[in-house]
Structure formats: structure tokens, C-alpha cells
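In case you want the letters, here they are:
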Amino acid sequence: MADEDDDSRPPSGRWPLRLERARPSPRRLVSPGTDSVIRHEQAPATPRVAFPVRRVAEPVRPAPGDGAPLRQHMVDRLRQAGCRDEAVLAVMARVPRHLFVDAALQGQAYEDTSLPIGLGQTISKPSVVARMIELLRERPGGPALCRVLEIGSGCGYQAAVLAGLAERVISIERLRGLHERALARLAPMALANLQLVYGDGRLGHAPAAPFDAIIAAAGGHALPPAWLEQLARGGRLVAPVHDAALKSQVLMVVDRLADGSIVQRIHEPVRFVPLESGISEFGHS
């Protein structure tokens, strides 16, 4: 569950629009018949929410000779393109992306491109990973992340990056084959604050809710109500959603403010795999 490679770019031709420059949309986010109420307006000055800030697990530290110079070059390109969150860039400079793709593709691991990971899925471009996590950390409650929910583990790469930035990360994958591969690839990193779950991502993960941040690697025509219900006050959800007017997917940012109200904004066009319900034994060995 990840973005597909495409040539979509924001209108400015630079790093995608910052949140304060994006326009709110009057479109419906949740399925008809739900009780969720969305306020379609420009958000006021972002309130601060007192989430506890605790020690984050030690980040992944690569051994010498594992591609660190290539990762640094990748990060330098992201910085030049406009990514300004140095915490995100620092973690991406440490997580070995080449270990999350097949050996035949490792030579392309640090290029800004999506790559196949099997079962019809891809690993997101580094620029997409950086962009979406940067947006997450601009949430109303501040950049410190206690609990993060990822919808679509895929190969596990983005989950590893999130684990370097949050106190606790729960990542859900509906394809058992991908879930097992992610478990195998992440096991050597021993990330104690990362939990992989085999399940239906559309349902979120109620046992660990509410979440400071929710990030999705697949997009549908509406956001599942469970995601909004499990979003904490001061939290942010970043996900691709189909835009009927544009006839394509766009990056959607949804904030739950301190008073419990919800504000949404639409960002640049993106291309992700479709969001599907249920679980599948596909690829299970």
C-alpha cells in the first residue's frame, strides 16, 4: 500500500504548498449517514494541546558501509527540494531504505521513485514519505508524537521512519504476505516502539486510540469514519482521497482542534493504490 510513481507536481513546481497556503474544500469527507461533523473553514491560530512528551526510542543507527552516503545524498536532494523538517530528514538519513526492497532493486533504493515490493504494491517515493510525515508533525498539538497509526504497512519502510519520530507506532496491513515480509525486514532493527498488525486498516485500531497522528498509504472516495473517531484532539490525519472534481487523488489533511471540531484542507495531487476493506491471505507462505 503505497504511492504509485507519477509525474504529478504541485502548481508552483516547488516543494508542495505549506498548510497555511492550502485552501479548505467544501467536499464531504466521510461516508453518508455518519455523525461526524466537519467544519469547512480556515482554521484559527493553531491551539496548543498538552500532550505528554516522553523519551522517544533510540533511532535506527546503520552500520558502516550500508549505503549511508547514498542516503545522505537522498536527504540533501529532499532538503534542496524544500523539505524543512530536519528531524524527518535526520531519521531518513539513518533508515536503510535499500533493505526494504528486493536485491535486484537496491541500486535504485535512494532515487526519488516508487519501487515494486510485490503483491501489486509499491514503496513510496522518499519525497512522498518526507512530505506526509512533515505534514503530520505540523499538527495543532505540536510536532511531538506520542501515538501514531499507519494504515498500510507495505514493506515497513515508512513505519521504520515513523518509529524514529514517535513514542509509539502501530502499523496495519491487510495483505498477510506483505505483513509477514515487513515483520521479517523490521525484525533486525529491534524497534521496541513499533507494532505491526495484520488487519483491516479501514477500521483503524481502537484498542490504542486516540492517536496524535494517522497516516494512510492508500486512498478511497471518503475517509473511513473510524479514522476520524480515533483521532485525538490536537491530532492530524494525512491521507490520499479521491477528488471528484479533479478526477484524481489529492492529499487531504484533517485536523481535530482542541474544541473537538474538525477542519480539512486539500493539498497537491497524488497517486496511491486504492483503499480496500477486509483482510487477505494473498501472498501468505
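Residues numbered from 1 in each chain as written. Predicted model: local features only at pLDDT ≥ 70, side-chain atom pairs only at ≥ 80, totals over all residues. Heavy atoms only, no water.

What's the story with helix H5 (residues 176-186) in this structure? I'm lost.
Residues spaced three or four apart along an α-helix point in a common direction, a consequence of the helix completing one turn every 3.6 residues. Burial in H5 covers these residues: Gly177, Leu178, His179, Ala182 and Leu186. As for H5, its buried residues are in contact with strand E1 (115-118), strand E2 (121-123), helix H4 (157-163), strand E4 (166-173) and strand E5 (194-198). (Buried < 20%, exposed > 50% of the residue type's maximum accessible area, 1.4 Å probe, protein only. Helix = DSSP H or I, 4+ residues; strand = E, 2+ residues; numbered from the N terminus. Contact = heavy atoms within 4.5 Å.)

Is there a simple way to think about the environment of Val95 in this case?
Looking at the secondary structure, you find Val95 in the loop between helix H2 (86-92) and E1. Its relative accessible area of 1% is what places Val95 among the buried residues. Along the primary structure Val95 and Gln158 are separated by 63 residues, whereas in three dimensions their C-alpha atoms are 9.3 Å apart.

Help me understand the environment of Tyr198 in this model?
Looking at where Tyr198 falls in the secondary structure, it is placed in strand E5. C-alpha of Tyr198 to C-alpha of Arg176: the two residues are 22 residues apart in sequence and 6.5 Å apart in space. Beyond its immediate chain neighbours, meaning those up to four positions away, Tyr198 contacts Glu173, Arg174, Leu175, Arg176, His179, Ile279, Ser280 and Glu281. At a separation of 3.0 Å, a polar atom in the side chain of Tyr198 contacts the main-chain carbonyl oxygen of Ser280. (Polar contact = N/O pair within 3.5 Å; in protein donor to acceptor, adjacent residues only side chain to side chain.)

Explain the confidence of the model for the chain to me, please; I cannot follow it from the model alone.
Detailed reading of predicted coordinates is not advised where the pLDDT is low. Of the residues in the chain, 76% have a pLDDT of 70 or more, and the chain-wide mean is 84. Confidence drops under a pLDDT of 50 for residues 6-14, and excluding neighbours within four residues, the segment shows eight contacts in the predicted structure. This stretch, residues 17-64, has a pLDDT under 50; its non-local contacts, to residues over four places away or in other chains, come to 103 contacts. (pLDDT = per-residue confidence, 0-100.)

Looking at this structure, how should I read the pattern of salt bridges?
Between side chains of opposite charge, a pair can form as their charged atoms come close. All chains considered together, the criterion is met by nine salt bridges. The partner of Arg185 in a salt bridge is Asp102, and the shortest N-O contact between them spans 3.3 Å. Of this pair, Arg185 sits in helix H5 while Asp102 sits in the loop between H2 and E1; the two residues are 83 residues apart in sequence, bridging distant segments of the chain. Salt bridges sharing partners connect three or more residues here, namely Asp76, Arg79 and Glu86. (Salt bridge = Lys/Arg side-chain N within 4 Å of Asp/Glu carboxyl O.)

I keep staring at the packing of aromatic side chains and nothing clicks. Help me out?
Working definition: an aromatic ring pair is given by the centre-to-centre distance plus the angle between the planes. Here the structure, examined in full by the defined rule, presents one aromatic pair. Ring plane angle 70° and centroid distance 5.8 Å describe the contact between Phe100 and Tyr157, whose orientation is recorded as edge-to-face. Of this pair, Phe100 sits in the loop between H2 and E1 while Tyr157 sits in helix H4; the two residues are 57 residues apart in sequence, bridging distant segments of the chain. As far as the burial class goes, Phe100 and Tyr157 line up, both buried. Looking at Arg97, its charged tip hangs above the ring of Tyr157, at a distance of 5.8 Å from the centre. (Phe/Tyr/Trp six-rings, centres within 6.5 Å; stacked < 30°, edge-to-face > 60°. Lys NZ or Arg CZ within 6 Å of the ring centre and 35° of its normal.)

Hey, could you run me through the sheet that holds E4 in this one?
Taken together, the seven strands give an open sheet; going across it, the order is E5-E4-E3-E6-E7-E8-E9, and neighbouring strands pair in mixed fashion. Where the open sheet ends on each side, the last strands, each with one partner, are E5 and strand E9 (262-270). Across this sheet, the average inter-strand angle for adjacent strands is 15°, counted without regard to direction. Of the strand pairs in this sheet, strand E7 (residues 231-243) and strand E8 (residues 248-256) are connected by eight bridges, and their pairing is antiparallel. In the sheet register, Ala239 faces E8, and the bridge partner there is Met252. Lying on the sheet, helix H3 (residues 126-136) is in contact with strand E6 (211-216), E7, E8 and E9; it crosses E6 at an angle near 155°. Across the sheet, H5 lies against E4 and E5, angled at about 160° from E5, the strand it touches most. (Pairing = 2+ DSSP bridges. Axes fitted to C-alpha atoms, helices over the stretch in contact; angles between N-to-C directions.)

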